[in-house]
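# An overview of the molecular structure
The lines below spell out each chain.
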Amino acid sequence: MAEVSMCRRSSLSPDEERILIKDIALAAEAKSKEGDTFFLITQRWWQHWIDYVNQEQQPDVSEHCDLADSSSFKRPAGIDNSDLISDDAIEIQDTLLEGRDYVLLPQQVWNQLHTWYGGGPTLPRRVITSGPSHTEMAVEVYPLRLQLLVVPKGGRSTIRISKKETIGELHRRACEIFDLSPEQVCIWDFYGRKQHALMTDIDKTLDDANIQMDQDILVEILSPDNGTRPSGYTSSVRYDGSLEKEAASVLVEPSKSSLSIAGGLSASKGASRSYNTELAQSQSLTSVRELDTTYGTIGVSTRGSSGGLTGLQNLGNTCFMNSAIQCLVHTPEFARYFREDYHQEINWENTLGMRGELALAFGELLRKLWAPGRTPVAPRPFKTKLARFAPQFSGYNQHDSQELLAFLLDGLHEDLNRVKQKPYIKSKDADGRPDEEVADEYWANHIARNDSIIVDVCQGQYKSTLVCPICNKVSVTFDPFMYLSLPLQSTTTRTMTVTVFTCNGSALPSAYTVTVPKQGRCRDLIQALSNASSVKHSERLLLVEIQNHMIQRFLEDPLILLSTIKDDDHLAAYKVQKSAKNTKYLQLIHRRKDQGTSDGQITSGWLPYGTPLLSSISCDDEITRGNIQNMVHTMLSPMLRTESLDHTDISGARSAIAASNPSGNLRGEACTDSAISNSMNNDITSSKPVKSLKLSLQLVDESNACIDLSVGEEKAITLPSASTSILVYADWSQKLLDKYHTHYLENLPEVFKYGPVTKKARTEPLSLYTCLEAFLREEPLVPEDMWYCPQCKERRQASKKLDLWRLPEVLVIHLKRFSYSRSMKHKLETFVNFPIHDFDLTNYIAHKSNSGHQLYELYALTNHYGSMGSGHYTAHIKLLDENRWYSFDDSHISPINEEDVKSAAAYVLFYRRVKSEDSFVSNGVLSCGGDNKVASHK
């Protein structure tokens, strides 16, 4: 471990530290890449620092507590990561969870905090790629821990190595540890005490080789004479028994990593409230139910038995898996299928599947859960198989239940695909043919390659329509879907407040709140504002960001992402004439006297104030000092007080100006625009007072010299050629402030102001139908996914429209509560009002010749409580035999009322089609009679 180091105490205020760290973090996130280093820091210290730097933004706590006793507002001591380290001080503890125990910081953020506070020990971790496409980046908190077993001479050692290291590096380290010659050593994948493969591809990563946390690696010493195995040594690794006994002793020792988040990729920033329960459950596991049961020995439960109420033990953060499995197990069609002889449908040769192993493991687990009795089942064999084929779910991290569900459905489909040789079929364009004909053709082509129980039950079809914005070419395709991922309303749109200024003196500024795509661009915001503020055809809006009463940046590039604009930013927009070729912007910067100085002649006593005003000015005409005076009077005229019209001499205002920055980005000397609401009083504007009032203004010329605009009105001025802006400062004395309604220049609203939820929002929850409509709404493709138009022969930003065409027997709906970026995760706690009965999709089907109502009934759902990664999953399932709902919380099962099924935790919903012929259906079998009739809805 790294040594604890000394620090150089920061001279910044808490708020300045917060802003600097925020800026560093955002810059680091934007540039993060594979191979970067992140650092672990204890959650306890990090939370103390967060409280410290946010104390200025906290509400007044003096009424509730004694500030002297509020240690959270005191500056933290040095960083102390000792609570993350195991007792032997060699490596971090196995059971740490991100958000609960530690936070991951980019190297730049760690370096800055470490410079200020010192401390340690330093715990660096590397960024690696993960996921099927190796495009997702994550921090490898827990590198692989492997047991090296040497044969035939015996010996063992435990090593840590990144899953992105190569087999060649593992071979080198094994030779180094045991002091062996590389030519005399070969290594084997000894997973589960079985020789799986000789590891000879030295360039292959351990991740690609499917090496798992805490598995064994066999280090075989070849004969020194000819590079072969010693005599009597068989390929099945049957030795004289010494190693086998030693290996057995290793495997039966209590594993310190039984609860580790092995393979531990970064999870979330949230703190868990359920981890104690999960750890307690995992520690109490026994091996009684872990023994494999021979296929066919578990009987099929009969109607009236208590089958289907068996829980799943939590192996340590496996609630995400348990909840998804219970929903699939209680899907009636799957319960019937896997409790019959499905072996004949296993596709043993499908290279896209798992050679039937996943289907067999799932089938065995389903039979255990439907067996009579209620003793909880430990799904360890299934999880082991899952980790083997989906390494992203290995270890004991919390994962996304929906991602697991998607993998299971796809994996089970490939294992059970009835098509042994998939034909190559080229899809044809619609070319004006009837939709029914094209849709049936696409579906037939799909079934020719994909035919399984999963397709029979879960797959539907939607119509996708693309329209070229240039030539109006229409492309129609029909694609299959396994589930619908519906956006929650707030994930697709965003409200933004911007103040629009009309600087020709025609109206007061007005604040507009518009709705724009959350992943949209500045052009979307400008278009929405133009519509809301009735911008004329001869005008355009110039959008700027305001900071510290200055223009921080011009947002002129229409492709700037709106995600770069934060909710606490301040924006202004100016109506200007559509630009001629030779135009500059006049920025009027307001300043007023600093309260702490005397009324002297010291320029430094004036501080930026209010919101700058802006107007365009043509460089083709001669501009005099009087012209600038008149332009400023025009911009300020809407705010002139009515009672001040009689005054003709306003003095006492002293002006100063700062040098311009050629780039237009100024710090401390830049102009800013202010947003003002309220409508204009038409009686205020008058050409007479505009001409009679004389303001003291100064302008900065090209040589950075100050020009007093209050004298020599006829003199022409030379506009700076190196800058696009002309800077003019006006200092407001108290006397001058009394002449204008300057409050319009103050209190520029934030882009989005957080506040308490309104009564309307609480009483009108988001409907599942609204989410579906948002999913089906026509919208333009993002520029990164532009469509190649076959008619234009170019990529176009086409509009895309989805329509439901063919619905499955079981409709799975995923509510998109989670959003991800490279180092941040966010969860929406929005309550969605979803129907339990009579979920009517009839009006959403584009296939109008499909007669009859499309009615669905909810029979299962998964719930997620808490924050990302460290929360807890449960399932609510309706036993159709009993017509009763139950809560499945790992091994604990309890009945619940139907009205308790709905909550803001609902995550994945399972609906089944309602039809008259299956009125007597249970989750497990098709019944021949009974009292529990599921009503058919017409």
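## Some points on the overall build of the chain
- From N to C terminus, the chain includes 20 helices and 40 strands.
- When each of the 938 residues of the chain is scored for burial, the buried share is 51%.
- Residue pairs at least 24 apart in sequence account for 75% of intrachain contacts in the chain once pairs closer than 6 positions are excluded.

## What about the side chain of H413?
- With respect to the element layout, H413 can be found in helix 11 (residues 401-415).
- Classification of H413 as buried rests on a relative accessible area of 2%.
- Each residue touching H413, except ones within four places of it in the same chain, is listed here: N450, D451, S452, I454 and V455.

## Some points on the pattern of salt bridges
- The full count for this structure, using the stated rule, is 23 salt bridges.
- Notably, a salt bridge pairs E176 with R172, separated by 3.1 Å at the nearest N-O pair. With E176 and R172 both in helix 4 (residues 167-178), this residue pair falls four residues apart, about one helical turn.
- In this structure, the salt-bridge partner of D567 is R494, at a minimum N-O distance of 3.3 Å.

## What to know about the pairing of strand 36 (residues 855-865)
- Where burial is concerned, most of strand 36 is hidden: 10 out of the 11 residues are buried.
- Summarising the sheet, strand 36 and strand 40 (residues 906-913) pair through seven bridges and their orientation is antiparallel. Residue pairing across strands places L858 opposite Y911, the latter belonging to strand 40.
- Here strand 36 pairs with strand 37 (residues 872-879) via six bridges, running antiparallel. Directly across from Y865, in strand 37, lies its bridge partner H872.

## A few points about the sheet that holds strand 18 (residues 550-554)
- Strand order across the open sheet formed by five strands is 16-15-19-17-18, with mixed pairing between neighbours. Strands at the two margins of the open sheet, each flanked by one partner only, are strand 16 (510-517) and strand 18. Adjacent strand axes in the sheet meet at a mean angle of 45 degrees when their direction is disregarded.
- For strand 15 (residues 493-502) and strand 19 (residues 570-577), the ladder comprises four bridges, and the chain directions are parallel. For T499, the partnering residue across the bridge sits in strand 19 and is A572.
- Sheet contacts for helix 15 (residues 522-532): strand 15, strand 16, strand 17 (539-547) and strand 19; angle to strand 16, the most-contacted strand, approximately 135 degrees.

## Points about unusual backbone geometry
- Backbone torsion omega between G120 and P121 reads -5 degrees, so that peptide bond is classified as cis.
- With an omega of 5 degrees, the peptide bond between V151 and P152 qualifies as cis.
- With respect to the element layout, P152 can be found in the loop between strand 7 (144-151) and strand 8 (156-161).
- Its identity as a non-glycine residue notwithstanding, D179 has a phi of 55 degrees, on the positive side.
- Mapped onto the elements, D179 comes out in the loop between helix 4 and strand 9 (185-189).
- The class of D179 is exposed, set by a relative accessible area of 71%.

## Things to note about the nonpolar core
- If you look at the biggest cluster of nonpolar residues, it comprises 56 residues, and the most contacted ones within it are F334, F338, F382 and F910.
- Ignoring any residue separated from it by four or fewer positions in sequence, one finds F338 in contact with A359, F362, G363, L366, R367, L412 and L416.
- One finds L613, V632, L697 and I707 within the second-largest nonpolar core, a separate group that totals 44 residues.

## Some details on the side chain of S323
- Locating S323 in the fold gives a position in helix 7 (residues 319-329).
- The exposure class assigned to S323 is buried, which follows from its relative accessible area of 3%.
- Of the polar contacts made by the side chain of S323, one reaches the side chain of S401; its length is 3.5 Å.

## Here's the deal with the packing of aromatic side chains
- One pass over the full model with this rule turns up 22 aromatic pairs.
- The interplanar angle of 55 degrees and the centroid separation of 6.1 Å between the aromatic rings of F393 and F407 together place this pair among those described as tilted. With F393 in the loop between helix 10 (380-389) and helix 11 and F407 in helix 11, the pair connects residues that are 14 residues apart, well separated along the chain. Comparing F393 with F407, the two get one shared label, buried.

## Thoughts on the packing of helix 1 (residues 14-31) against helix 3 (residues 107-117)
- Running from amino to carboxyl end, helix 1 crosses helix 3 at an angle of 155 degrees, the nearest separation of the two axes being 8 Å. In terms of orientation, helix 1 and helix 3 fall into the roughly antiparallel class. On helix 3, the residues touching E17, L20, I21, I24, A25 and A28 of helix 1 are Q108, V109, Q112, L113, W116 and Y117.
- For the contact of helix 1 with helix 3, the per-class residue count stands at nine nonpolar, two polar and one charged.

## As for the state of the cysteines
- Counted according to the given criterion, the structure contains zero disulfides.
- Residue C471 stays outside any disulfide, its sulfur separated by 3.4 Å from that of C792, the closest cysteine.
- The exposure class assigned to C471 is partly exposed, which follows from its relative accessible area of 24%.

## What to know about helix 1
- In a regular helix each residue adds 1.5 Å, so 18 residues correspond to 26 Å; helix 1 covers 26 Å between its end C-alpha atoms and thus fits that length.
- Here helix 1 has its buried residues at P14, D15, E17, I21, I24, A28 and E29.

## Overview of the sheet that holds strand 8
- Pairing in this open sheet of five strands is mixed, and the strands run 8-7-11-9-10 from one edge to the other. In the strand order of this sheet, the two ends are held by strand 8 and strand 10 (197-198), each with one partner.
- Where strand 9 meets strand 11 (residues 216-221), five bridges bridge the pair, whose relative direction is antiparallel. The residue bridging C186 from the neighbouring strand is E220, located in strand 11.
- Helix 4 rests against strand 7, strand 8, strand 9 and strand 11 of the sheet, and its axis sits at about 140 degrees to strand 8.

## A few points about the packing of helix 7 against helix 11
- It is the contact of helix 7 with helix 11, at a shortest axis distance of 9 Å, that shows an interaxial angle of 50 degrees. Taken together, the axes of helix 7 and helix 11 lie oblique to each other. For the pair helix 7 and helix 11, the sense of crossing is right-handed. Side by side, helix 7 and helix 11 meet where F320, M321, S323, A324 and L328 of the first sit next to S401, L404, L405, L408 and L409 of the second.

## A word on the environment of A335
- Of note, A335 is situated in helix 8 (residues 332-338).
- Residue classification places A335 among the buried positions, given a relative accessible area of 0%.
- Sequence separation between A335 and W370 is 35 residues, and the spatial gap between their C-alpha atoms is 8.3 Å.

## With respect to the environment of R173
- In this structure, R173 sits in helix 4.
- A sequence separation of 12 residues divides R173 from I161, and the C-alpha atoms of the two residues are 9.5 Å apart.
- If near-sequence neighbours (up to four positions away) are discounted, R173 is found in contact with I159, R160 and I161.

## A look at the confidence of the model for the chain
- With 75% of its residues at a pLDDT of 70 or more, the chain has an overall mean of 75.
- Ranking the elements of the chain by mean pLDDT puts helix 5 (residues 242-252) last with 34 and strand 40 first with 95.
- Predicted confidence is poor over residues 230-305, with pLDDT under 50, and the contacts of this stretch with residues over four places away or in other chains come to 167 contacts.

## Thoughts on the environment of G120
- Here G120 shows up in strand 4 (residues 119-120).
- Using a relative accessible area of 3% as the deciding quantity, one classes G120 as buried.
- The sequence separation of G120 and S82 amounts to 38 residues, and the corresponding C-alpha distance is 7.6 Å.

About the criteria used
Residues numbered from 1 in each chain as written. Predicted model: local features only at pLDDT ≥ 70, side-chain atom pairs only at ≥ 80, totals over all residues. Heavy atoms only, no water. Helix = DSSP H or I, 4+ residues; strand = E, 2+ residues; numbered from the N terminus. Buried < 20%, exposed > 50% of the residue type's maximum accessible area, 1.4 Å probe, protein only. Contact = heavy atoms within 4.5 Å. Salt bridge = Lys/Arg side-chain N within 4 Å of Asp/Glu carboxyl O. Pairing = 2+ DSSP bridges. Axes fitted to C-alpha atoms, helices over the stretch in contact; angles between N-to-C directions. Core = buried A, V, L, I, M, F, W, Y, C linked by side-chain atoms within 4.5 Å. Polar contact = N/O pair within 3.5 Å; in protein donor to acceptor, adjacent residues only side chain to side chain. Phe/Tyr/Trp six-rings, centres within 6.5 Å; stacked < 30°, edge-to-face > 60°. Parallel < 35°, antiparallel > 145°, perpendicular 65-115°, else oblique. Nonpolar A, V, L, I, M, F, W, Y, C, P; charged D, E, K, R; others polar. Disulfide = S-S within 2.5 Å. Expected span 1.5 Å × (residues − 1). Left-handed = near helix turned anticlockwise from the far one by under 90°. pLDDT = per-residue confidence, 0-100.

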